[in-house]
Structures are given as C-alpha cells and as structure tokens.
Amino acid sequence: MTNSQNNKSPLSLYIHLPWCERRCPYCDFSITTDPVGKNDLTLAKAIIKDINNSSPLINGRNFSTIYFGGGTPSLSSIEAIEMILNCVKGHYSNKDIEITFEMNPTDVTKEKVNGLSGIGVNRFSLGVQSFHDAELKALGRNHDKSSALNAINILAERNITMDLMYGIELQTIQSFEETLNQFIESRVNHLSLYQLTIEPNTIYYKKALKLPMEEEIEAMENSAKTLLKKSGYHQYEISSWSKAGFESKHNLNYWMFGDYLGVGPGAHSKITSKDKISRFRKIKPLNAYIKNQKITDNNILLGDDLDMDLAMNLLRMKEGITPNELQIELPKSFLKKYLKGVSNGLLKKDKIGATKKGYQYLNETINLFF
Ligand SMILES: C[S@@+](CC[C@H](N)C(=O)[O-])C[C@H]1O[C@@H](n2cnc3c(N)ncnc32)[C@H](O)[C@@H]1O
Ligand code: SF4
C-alpha cells in the first residue's frame, strides 16, 4: 500500500505541557504564562480525557516512546505527571520504553529528578541554549551558566540530552566554541543544536537584532562538526548529535514517518488509518482545550503533499535509510521524483537520503518533491 498503508505503524505519544514563567522573545510555541498553581492537575485530567477518547486512533497499539514537551513541563508537579503516566500504563508493555521529559535548568532539583525517575521518566532534555550569561540574557532566558552547570551536576548519572542554539545575539565563533566545549566537558550523550529562526509573531521579529553574519554562522556549523566529531558524537539528523546508541528514539519515529498521538493544547498528531494518513492538531487556547480537546487543521496527506511530507522528514536523517526500514511503501510518484534527484547528484543512490551537495542546496533538493 502507499498512502493507505497498514494501520500498525509504530505509535509515539507526545504530551504538551504549555507552562512557562515568561515568553522568551524568540519563541512561537503554544505556551501560557498563566501561573501553574493547581491548573496542572486540571490540565492532566483533560489530557487523560483526550487519551481515553483517542482509542480509535491508538487502535490497539502500544506506545513505543513517550515525550513530555513544552512549554516547560518541569513547572508541572510530579502528581500531574504521575496521573498522566498512570493513565497510559495500559498502553505500553515494555517497561524500558524511552520516556523523555523537558526541563529548564532552574527547575532541576534532586527531589524533582528523583520523583520523575521514580514514576518512569528515563531521559531528561535540558534547555541550556548557551553557556554565556550575556547571550542568555539577550535570549531573555530565566537561567544563567551556573544554574545550567548545577542542573547538569544533579542530572549527571541520568540519560540527558541538551538543547543549544547558535546564530544568536552577541555570539561569536569563539564564544560558540566555548559553549560546545563546555557541552563536551559535561559528558552529555545527546545534543539538539538549533540555529535561531526568527518567527513571525515574536518580539524578535519586530526588534532590530544584531545577529552573527552568514559567514560566521557557517563557521559555527563547521566548528560544531569538527569539535563534536572529534569528541565521538555523530550527526544523525540535521539538528541532532549523539554518541552511539543514544539517538532519540522518539524523534527518529517522527522522521521515519511513524505515527504519533499528540495530546495537550496545540499538540500535533500524525495518524495512519486503514485508508489514509492524516496530520492534525489539538486546539491551542488552554481553557478551551481543558473544556473540550477538539481537533483542528485536519489534513489528509495525498499526492504531492504526501511526497513533500515524506521528503521533509526522511531527508532529515544524515546517514540515509533503506526503504525496508520504513513502515510505509514509498509512493511511485515519490520514487520518480527521487530518481531525478539522484541524477542531479542531490540524492543518494543506494539509500534514501541527501548527498553532501543535496544538503548544500537543501531548498533545491526539497523542491524536487513539489
Ligand atoms: C520549545 S522549547 C521547550 C523547552 C524549554 N522550554 C526551553 O526553552 O528550554 C524547545 C527548544 O526549541 C528551541 N527553540 C525554541 N524557539 C526557537 C527558535 N526560534 N529558533 C531556534 N530554536 C528554538 C530551543 O533550543 C528550545 O530548547
Ligand atoms: S521557556 Fe521554552 S517554551 Fe517557554 S517561552 Fe522560552 S523557549 Fe518557549
């Protein structure tokens, strides 16, 4: 089958917890700065309702990974997280599935980390962004270098991934290399490294920013490649670096075109049913979601849209994949466009993936699939 593949694709669960102390000026995620108070318990109840109402979409499958993202999940109480995990207990059989939880450095305490580990969280994602106080201040973050180091110290024995950003205000090639060296020194096994994007509807969009020049950004990317490779990390996806065996199973499922159920305000889903593949999201406003976990922006992927969607996900993986690693049989139209890319030298011959040239001219490569 092509766009109507079987409905037993691996299924991940994404839980969106929108709490933030304040909105960072570059962020356009679905968040609220309303105080958490007891609202985390109210939201947990709505999320549980959402999961229970999703049985037809889950369709008897177990979750292969669980991811608590935000917002700032670490502003929620352990009680709220435990309520949600208790509700999904019947939906995963293997006790060792990857359960990731995003934390901001200032929320990391021994008590919180032990509490989360005790209820099954086994991977912690720490939003550090930079190890330079002036850069963190320019990003509007509520933490500094010393709170990041303190958080890493507390999490030292756990499985951690870290988020860093480049191309940010006040950053130089040297300061970025210092941040990378501090990351390497911290012995964290996984890194998500994002170039700052200026999103519409953010304060950064309206502000005159002094950002690094394009050549400096390129030099930062080259520094990352050299320093991280030398220290045993491999780039398995455009923004993801890992020591062998520590790749994110949850994110790999997204890029391998697996299914995922998203719950919580604004959370996105991709679900394969008997005759279609759909992408949709839950409504964003917190109070509206608490009242009714409505689905919106429901799109069925067909024809060129499906080809493009496949390209945008599969081509993210740097080392390429073989079609038999995928749960979906690639549509003939996709394969036809793919072959054109092979003849242009943009796409790999032996695997599904972009060549070095393909990454260099990424827009051209992606445009092959329109
Ligand atoms: C939405 S945040 C959630 C995690 C946590 N609240 C935090 O900020 O650390 C996930 C990650 O997305 C990245 N991010 C958010 N907005 C971005 C932007 N405009 N450009 C690049 N990366 C961004 C940051 O690295 C952040 O850690
Ligand atoms: S803490 Fe994270 S999710 Fe919240 S506003 Fe800042 S970047 Fe966005």
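Numbering of residues begins from 1 in every chain and follows the order in which that chain's sequence is written. By the order in which they are written, chains take letters starting at A while ligands take numbers starting at 1. The model is predicted, so local features are restricted to residues of pLDDT at least 70 and side-chain atom pairs to those at 80 or more, both for listing and for counting; the totals for chains, interfaces and linings are taken over all residues. Values reported for side chains reflect all heavy atoms of the structure, with hydrogen atoms and water molecules removed beforehand.

## Notes on the packing of aromatic side chains
As a reminder of what qualifies: For Phe, Tyr and Trp, rings pair up if their centres lie within 6.5 Å, where Trp contributes its six-membered ring, and each pair is then called stacked (planes under 30 degrees apart), edge-to-face (over 60) or tilted (otherwise). Going along the chain from the N terminus, every DSSP run of H or I of four or more residues is numbered as a helix, and every run of E of two or more is numbered as a strand. Buried, partly exposed and exposed residues are distinguished by accessible area as a fraction of the type maximum, computed with a 1.4 Å probe on protein chains only: under 20%, between the cut-offs, and over 50%, respectively.
Enumeration according to the criterion identifies nine aromatic pairs in this entry. Seen from their ring centres, Phe68 and Phe101 are 5.5 Å apart, and the 50° between their planes marks the pair as tilted. With Phe68 in strand S2 (residues 63-70) and Phe101 in strand S3 (residues 98-103), the pair connects residues that are 33 residues apart, well separated along the chain. Relative accessible area serves as the criterion here: at 0%, Phe68 is assigned to the buried category. In this structure Phe101 comes out as buried when scored by relative accessible area, which is 0%. A connected cluster of aromatic rings, assembled from ring pairs, spans Phe334, Tyr338 and Phe369.

## Some remarks on the confidence of the model for the protein chain
To keep things clear, this is the line we draw: Note: pLDDT gives the predictor's confidence per residue, expressed from 0 to 100. We call two residues contacting when some pair of their heavy atoms lies within 4.5 Å.
In this model, the protein chain carries an average pLDDT of 95, and 98% of its residues clear a pLDDT of 70 or more. Segment residues 1-6: pLDDT under 50, and 22 contacts once partners within four positions in sequence are set aside and those in other chains are kept.

## Some details on the site of ligand 2
Our working rule: Any residue with a non-hydrogen atom lying within 4 Å of a molecule or strand is treated as near it. Amino acid classes used here: Ala, Val, Leu, Ile, Met, Phe, Trp, Tyr, Cys and Pro are nonpolar; Asp, Glu, Lys and Arg are charged; the rest, including Gly, are polar.
Around ligand 2 sit Cys20, Arg22, Arg23, Cys24, Tyr26, Cys27, Ile31, Gly71, Thr72, Asn104 and Arg141, and those are all the residues in its vicinity. Partitioning the shell around ligand 2 into residue classes produces five nonpolar, three polar and three charged.

## Considerations on the site of ligand 1
Inclusion rule: In protein, a polar contact means a hydrogen-donor-capable atom and an acceptor-capable atom, both N or O and within 3.5 Å, with residues adjacent in sequence counting only if both atoms are side-chain atoms; elsewhere, any N or O pair within 3.5 Å suffices. Here the open area of atoms and residues is found with the Shrake-Rupley method and a 1.4 Å probe, where only the protein chains shown may cover a residue.
Neighbouring ligand 1 are 16 residues; Gly71, Gln129, Arg141, Asp163 and Thr197 lie closest to it. The separation between a nitrogen atom of ligand 1 and a polar main-chain atom of Tyr26 is 3.1 Å. A distance of 2.7 Å is found between an oxygen atom of ligand 1 and a side-chain nitrogen or oxygen belonging to Gln129. Protein chains bury 91% of the 550 Å² of accessible surface belonging to ligand 1 in isolation. Secondary structure elements with two or more residues in the shell around ligand 1: strand S4 (123-129), strand S5 (160-166) and strand S6 (190-195). Classifying every residue of the shell around ligand 1 gives five nonpolar, eight polar and three charged.

## Side note on the layout of surface pockets
Under the convention used in this document: Each cavity reported here is a set of points on a 1 Å grid over the protein atoms alone in which a 1.4 Å probe fits but cannot get out, each pocket an open set with protein on both sides within 12 Å along at least five of seven lines, and each lining residue one with an atom within 4 Å of a point. Grid points are joined across faces, edges and corners, and a volume is the space filled by probe spheres set on the points.
Put simply, the second largest pocket is a space of about 210 Å³. Secondary structure elements with two or more residues in the lining of the second largest pocket: helix H12 (303-314) and helix H15 (362-367). With three residues, the top contributor of residues to the lining of the second largest pocket is H15. Per-class residue counts for the lining of the second largest pocket are six nonpolar, one polar and one charged.

## Here we look at the pairing of strand S10 (residues 268-272)
Which entries qualify depends on this criterion: Pairs of strands are assigned from DSSP output, requiring at least two bridges between the strands.
Burial of S10 is extensive: four of the five residues sit out of reach of the surface. With five bridges connecting them, S10 and strand S11 (residues 277-282) associate as antiparallel partners. Pairing of Ser269 across the sheet is with Phe280, part of S11.

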